[in-house]
Amino acid sequence: MFRSARKGAIEYIEVEEFSATGFVTHAFCTRRGGVSAGPYSSLNLGYLAGDRVEDVHRNRTLVEEAFGVPAGRLVLMKQVHGDRIRVLDDDGSLPEGGPECDGLITGRPGVALGVRTADCAPLFFVDRARRIVGAAHAGWRGTALGIAAAMVETLAERFSSRREDLFAAIGPAIGPCCYQVDVPVFEAFSAMPGVRRFLHPCREKGRWMLDLISVNRFQLREAGVPSHHIFSGGLCTACRQDLFFSHRAGGGRAGRQINLIMLHDGDEPKNT
Ligand SMILES: [Zn+2]
């Protein structure tokens, strides 16, 4: 289950079942608790034109400090709306500028996997038996490519994760109340088996409302994650601009909230 929490000024959402493991630090952060101003107010982690780089750096440091992430160990992907997944299984070091991908997995404690969103769905994964965590970015393109299932496959292939040991959470994203899509998106989703029902016609011709969270939930179940191991909240980023950045509702001029997951430093991961 989701619940609200805060560390200092940073307000975030956590998954009770993840916290209960005792080895996972994680947070779906809201926009509250940072130093950025204007449309980026205040916990913006996106290095975007319009926000001050020093403010974003400061926000990054605030997040690392609040969640006990070793300095410089919050890994931010260069998200490209694809389905490429990187595994950080060596020393956790990354290429300059962050890896170009939309999914990260690690069994290494002390490395926080970060996903930045402003309407797209952040996905977290925990293998409770093998102590592996993952994070992914699922907008409509990534979802149409099946990134949730690709994460499950990668966990199974690289870490021998059993599907019944996997837990997943789908964080705050734009809801079916606000996510209007056009023909190309409709075609991409209606071509996928079992997914058409998550597109609802709206009054405007040639437009549909897409339930991105339900599609990801469906894909996770189809990939073998037990239904009762999948958690999601009901908050829509576009409806709740007081809490979240929304690309759509912000007219494209919005910051990015940070969603992070990390194995506790000091814990020994089980070898696979
Ligand atoms: Zn909404």
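Structure: above.
Please read these numbers as outputs of a predicted model, since none were measured by experiment.

1. Notes on the overall build of the chain
The helix and strand tally for the chain stands at 6 helices and 15 strands. Its C-alpha radius of gyration of 17 Å places the chain within 12% of the 19 Å reference for a compact globule of 272 residues. Principal axes of the C-alpha set define a box for the chain whose edges measure 55 × 45 × 35 Å. Looking at the chain residue by residue over its 272 residues, the buried ones come to 53%. Pairs at least 24 residues apart make up 64% of the contacts formed inside the chain by residues separated by at least 6 positions. Here the chain has roughly 11,400 Å² of accessible surface; of this, 47% comes from carbon and sulfur atoms. Computing the positive centroid from 33 side-chain charges and the negative centroid from 31, the chain places the two 4 Å apart.

2. With respect to helix α2 (residues 53-67)
Its 15 residues give α2 an end-to-end C-alpha distance of 21 Å, which sits within 8% of 21 Å, the value for a rise of 1.5 Å per residue. For α2, the set of buried residues is Asp 55, Val 56, Asn 59, Leu 62, Val 63, Glu 64 and Phe 67. On its buried face, α2 is in contact with β1 (2-7), β2 (10-15), β3 (24-29), β4 (74-76) and β15 (257-263). After α2 finishes, the residue Gly 68 shows a positive phi value of roughly 70°.

3. Observations regarding unusual backbone geometry
Along the chain, Ser 41 connects to Ser 42 via a cis peptide bond; the corresponding omega equals -5°. Here Ser 42 lies in the loop between β3 and α2. Phi is positive for Arg 131, which is not a glycine, with a value near 55°. Within the fold, Arg 131 resides in the loop between β8 (121-127) and β9 (132-138). Of note in this structure, Ser 160 is not a glycine but carries a positive phi near 55°. For Ser 160, the position within the fold is in the loop between α4 (147-159) and β10 (166-170).

4. Here's the deal with the coordination of the zinc ion
Ideal donor angles around a metal are set by the shape: a four-donor tetrahedron calls for 109.5 degrees, a six-donor octahedron for 90 or 180 degrees. At this site the zinc ion is bound by Cys 177 (SG), Cys 178 (SG), Cys 236 (SG) and Cys 239 (SG), with donor distances of 2.2 to 2.3 Å. For the zinc ion, the 4 donor atoms in the first shell make angles of 104 to 116° at the metal, so the coordination geometry reads as tetrahedral.

5. Concerning the sheet that holds strand β12 (residues 199-201)
Taken in spatial order, the 3 strands make up an open sheet running β11-β13-β12, and their pairing is antiparallel. One side of each edge strand has no neighbouring strand; the edge strands of this open sheet are β11 (180-181) and β12. Where β11 and strand β13 (residues 208-210) come together, 2 bridges link them in antiparallel fashion. Note that in β13 the partner of Gln 180 across the bridge is Met 209. Sitting on the sheet, helix α5 (residues 183-190) touches β11, β12 and β13, and the angle it makes with β13 is about 55°.

6. Focus on the pairing of β1
As judged from the 6 bridges shared by β1 and β2, these two strands associate in the antiparallel manner. Each residue of the ladder has a partner; that of Phe 2, found in β2, is Val 15.

7. With respect to the state of the cysteines
The full count for this structure, using the stated rule, is 0 disulfides. Free cysteine: Cys 202, not disulfide-bonded; nearest cysteine sulfur from Cys 178 at 12 Å.

8. A word on the sheet that holds strand β5 (residues 85-88)
Taken in spatial order, the 6 strands line up as β5-β6-β9-β8-β10-β14 in an open sheet, and their pairing is mixed. Taken across any chain shown, the strands that pair with only one partner, and hence form the sheet edges, are β5 and β14 (230-232). For this sheet the average axis-to-axis angle between neighbouring strands, irrespective of direction, equals 15°. Note: β10 against β14, 3 bridges, orientation parallel. Looking across to β14, one finds that Ala 168 is bridged to Ile 230. Against the sheet, α4 makes contact with β5, β6 (103-106), β8, β9 and β10, and its axis sits at roughly 155° relative to β9, the strand it touches most. The sheet contacts of helix α6 (residues 212-222) involve β8, β9, β10 and β14, and relative to β14 the element is tilted by about 175°.

Rules used throughout
- Per chain, residue numbering runs from 1 following the sequence as it is written.
- For this predicted model, a pLDDT threshold of at least 70 governs which residues receive local features, and a threshold of 80 or more governs which side-chain atom pairs are given and counted, while totals over whole chains, interfaces and linings are taken from all residues.
- Values reported for side chains reflect all heavy atoms of the structure, with hydrogen atoms and water molecules removed beforehand.
- A run of H or I in DSSP counts as a helix once it spans at least four residues, and a run of E counts as a strand once it spans at least two, with each numbered from the N terminus.
- The reference for a compact globule is 2.2 Å times residues^0.38; the radius of gyration itself is calculated from the C-alpha atoms.
- Three exposure classes are used, based on accessible area relative to the maximum for each residue type with a 1.4 Å probe and protein chains only: buried under 20%, partly exposed in between, and exposed over 50%.
- Any two residues whose heavy atoms approach within 4.5 Å are treated as being in contact.
- For the accessible areas, the method is Shrake-Rupley and the probe is 1.4 Å, while residue cover comes only from the protein chains on display.
- Positive residues here are Lys and Arg, negative ones are Asp and Glu, while His and the chain termini are left out of the count.
- Lys charges are placed at NZ, Arg charges at CZ, Asp charges at CG and Glu charges at CD.
- By this rule, a helix spans an expected 1.5 Å times one less than how many residues it contains.
- Only N, O and S atoms count as donors, using a 2.8 Å limit from the metal and a wider 3.2 Å limit for Na, K and Ca, and since water is excluded some coordination spheres may look unfilled.
- The rule is simple: four donors are tetrahedral if all their angles sit between 85 and 135 degrees, four are square planar and six octahedral if opposite donors span more than 155 degrees and the others lie between 65 and 115, and anything that fits none of that is irregular.
- Paired strands are those between which DSSP finds at least two bridges.
- Axes here mean lines fitted to C-alpha atoms, for a helix over just the part in contact, with angles spanning 0 to 180 degrees between N-to-C directions.
- Any pair of cysteine sulfurs within 2.5 Å is marked as a disulfide.

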